[in-house]
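The chain contents come next:
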Amino acid sequence: MSARRASVSVREVSVRYPGAAGEAGPAVEGVSFAVEAGEFVAIVGPSGCGKSTLLKAIAGLVPLAAGEVTLSGGAETRVGFVFQSDALLPWRTASGNIEVALRLSGERATAAKGRARALLERVGLGEASEKFPGQLSGGMRKRVALARALAYDPAVFLMDESFTALDAQTRIQVGNFFLEILAQSGQTVLFVTHDIEEAVTLADRVLVMSRGPGRIVRTIEVGLARPRDYYASRFASGFKERQQAVWDALGYSHGGGAAGGSGGVRGCVMRGWA
Amino acid sequence: MRGAVPRAASWGLAALLVAGWQAAGSAVPGARALVSTPVLVARRIVEIAGNGVLWHNLVPTLEETVGGLALGLVVGVAGGVLMARSRFAATVLDPYVVGINGLPRVALGPFFVVWFGIGILSKVMLAVSIVFVVVLFNTREGIASIDADLVDVLRSMRASRWQMLRTVVLPSLVPWLLASIKIGIGLALTGAVVGELVGASAGLGWYITNSLNIIDMTGAVTALLVMGVLAMAMYYAVLIVERRLLAWRGEPGAGH
């Protein structure tokens, strides 16, 4: 088992679009922030602002053009990447998909079968373990994808619009399920979303990113009590104020459209050092 | 049972065609010398199955076809993977692949017989030359259409190259390979038979040439029919394998 928690430090990271040789600008430029061990940080911003690219760069899936990403557990720190799509192998059963992650985390083949079954039961899908992804609903597939990420035993969850594709009710169910996992094991989370309500509901801190090239323009401390509920926390006192602060950071003011003034997306480049 | 009616109609059509053939062959003057008749062909099959001539000619053609198909798959997959993974290799090899694809490969038959002899090798090589291009194109297309998220999930869990190949790449290619094999059966058989027509001492193609040389239309038609049955048998064998390998798709027709 790897360390349960790790902090993430991102220093002056720039990422270029793949294949672009000088002509196109960078996707992400000079981004710095830190996530403490066990902290839940959300990154919000308009589509195309480089949120997903940044997350992939942190996971080591795309190369950095400049800067440095450090995970406190060292190079061996495990990350659990959860995509917007469920990204399950369609030719493997629910159990088979989880066994892949278990094998990659160093589990023996003989033990993997039983562990996969146990993980599926933990996500309430014990009955579905021998079903193929194509035979499962979207919500069930997402739970299998979460179980797979858990199976790899990550210290950090990197979530890329992970719940966006689900319908509203399923989203609440899966979101709460994810919050339960975190309450039990306390992994660090970096959660990319364009849904501001979701960001405020889940996160301890919200980083607001601007478009082209992506920069962090504001950090909003959420500071709502835990445990949270993916649905009910939206009605907690103080929620609206936090939500409004994020909208403000994106450049929208009360009763009007984009303000575009200082403090907006085009404004100062603030660095979210904790 | 699904599709019992269309299946019965398919057999009915076959019966109708055979009956028409029999009627034409026996009623129209001179037609028997041109197309023979089903009765004569059936008698011939029984005769050559009994005296071993059928197997003596069927086995080499089968070997050439299966050999050409198998080798064509190996060459095609290797070339396709190489060209999909290496931009350099793709740029260097592309014109050659396009050139070979445009070339009527049956024209290579005489060359291959000169180079590789009148035995099985020249036919296998001819079949390979036709089959591998289709496999190569399908492999490239298959690799290009691999779900990038699947690759990223495995990469985020630090899968080795071999684990990536085994877990994502090869399974993704299975539908493309099965499609290649289904097309490749006919192509490999074409290569094998053309090779036999050019120069051989046994095989179904040789049997056709030999029969026509001695004005034995029944023999020639029999060999043609056996080829058709051979191609169909191979195709349906692949379908059975496909049904097992692609069971996860939950395709219709899986249950019967």
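Residues numbered from 1 in each chain as written. Chains lettered and ligands numbered in written order. Predicted model: local features only at pLDDT ≥ 70, side-chain atom pairs only at ≥ 80, totals over all residues. Heavy atoms only, no water.

1. Re the pattern of salt bridges
- This structure, assessed with the given rule, holds 18 salt bridges over all chains.
- Between A:Arg11 and A:Glu68 there is a salt bridge; the shortest N-O distance is 2.9 Å. Placement of the pair is A:Arg11 in strand E1 (residues 8-16) and A:Glu68 in strand E4 (residues 66-71), with a sequence separation of 57 residues.
- Overall, the relative accessible area of 33% leaves A:Arg11 in the partly exposed class.
- Where A:Arg171 meets A:Asp195, a salt bridge forms, and the shortest distance between an N and an O atom there is 3.1 Å. Taken together, the residues A:Arg171 in helix H5 (residues 168-185) and A:Asp195 in the loop between strand E7 (188-192) and helix H6 (196-202) connect sequence positions 24 residues apart. Taken as a pair, A:Arg171 and A:Asp195 share a single burial class, namely buried.
- Here the salt bridges do not stand alone but share partners, grouping A:Lys56, B:Asp152 and B:Arg155 into one network. (Salt bridge = Lys/Arg side-chain N within 4 Å of Asp/Glu carboxyl O. Helix = DSSP H or I, 4+ residues; strand = E, 2+ residues; numbered from the N terminus. Buried < 20%, exposed > 50% of the residue type's maximum accessible area, 1.4 Å probe, protein only.)

2. Quick notes on unusual backbone geometry
- Backbone torsion omega between A:Arg226 and A:Pro227 reads 5 degrees, so that peptide bond is classified as cis.
- Mapped onto the elements of the fold, A:Pro227 is located in the loop between strand E9 (215-221) and helix H7 (239-249).
- Backbone geometry at A:Glu12 places phi at a positive 50 degrees, although glycine is not the residue there.
- Looking at where A:Glu12 falls in the secondary structure, it is placed in strand E1.
- A positive phi angle, close to 55 degrees, is found at B:Ser36, a residue other than glycine.

3. Topic: the pairing of strand E3 (residues 40-44) of chain A
Residue and element names in this part refer to chain A.
- Across the five residues that make up E3, a large majority, five, are buried.
- Two elements, E3 and E7, share four bridges in a ladder whose sense is parallel. Residue pairing for E7: Val-41 is matched across the bridge by Leu-190.
- Sheet topology places E3 next to strand E8 (residues 205-210); four bridges connect them, and they run parallel. Within E8, the residue paired with Ala-42 across the bridge is Val-206. (Pairing = 2+ DSSP bridges.)

4. Structural notes on the domain arrangement of chain A
Residue and element names in this part refer to chain A.
- Here the domain parsing of chain A yields domain 1 (1-78 + 154-274) and domain 2 (90-153).
- Each side of the interface is counted separately: domain 1 has 20 residues, and domain 2 has 12 residues.
- For the pair domain 1 and domain 2, the summed buried area comes to about 1,400 Å², and 63% of that belongs to carbon and sulfur atoms.
- A per-residue breakdown of the area domain 1 buries against domain 2 is headed by Arg-78, Pro-154 and Phe-177, which together make up 39% of the total.
- Across the contact surface, domain 1 and domain 2 share zero salt bridges.
- Put simply, the parts of the chain that give the side of domain 1 that touches domain 2 at least two residues each are strand E6 (156-160) and H5.
- By residue number, the principal contributor to the side of domain 1 that touches domain 2 is H5, which donates eight residues.
- Classifying every residue of the side of domain 1 that touches domain 2 by side-chain character gives 11 nonpolar, seven polar and two charged. (Domains from an automatic or database assignment. Contact = heavy atoms within 4.5 Å. Buried area = accessible area lost by both parts, 1.4 Å probe. Nonpolar A, V, L, I, M, F, W, Y, C, P; charged D, E, K, R; others polar.)

5. Quick notes on the interface of chain B and chain A
- Contacts between the two partners involve 16 residues from chain B, matched on the other side by 23 residues from chain A.
- For the pair chain B and chain A, the summed buried area comes to about 1,800 Å², and 65% of that belongs to carbon and sulfur atoms.
- Of all residues in chain B, the largest losses of buried area upon contact with chain A belong to B:Met157, B:Arg158 and B:Trp248, amounting jointly to 35% of the total for that side.
- Taking the shortest distance from any N to any O, the salt bridge between A:Lys56 and B:Asp152 comes out at 3.5 Å.

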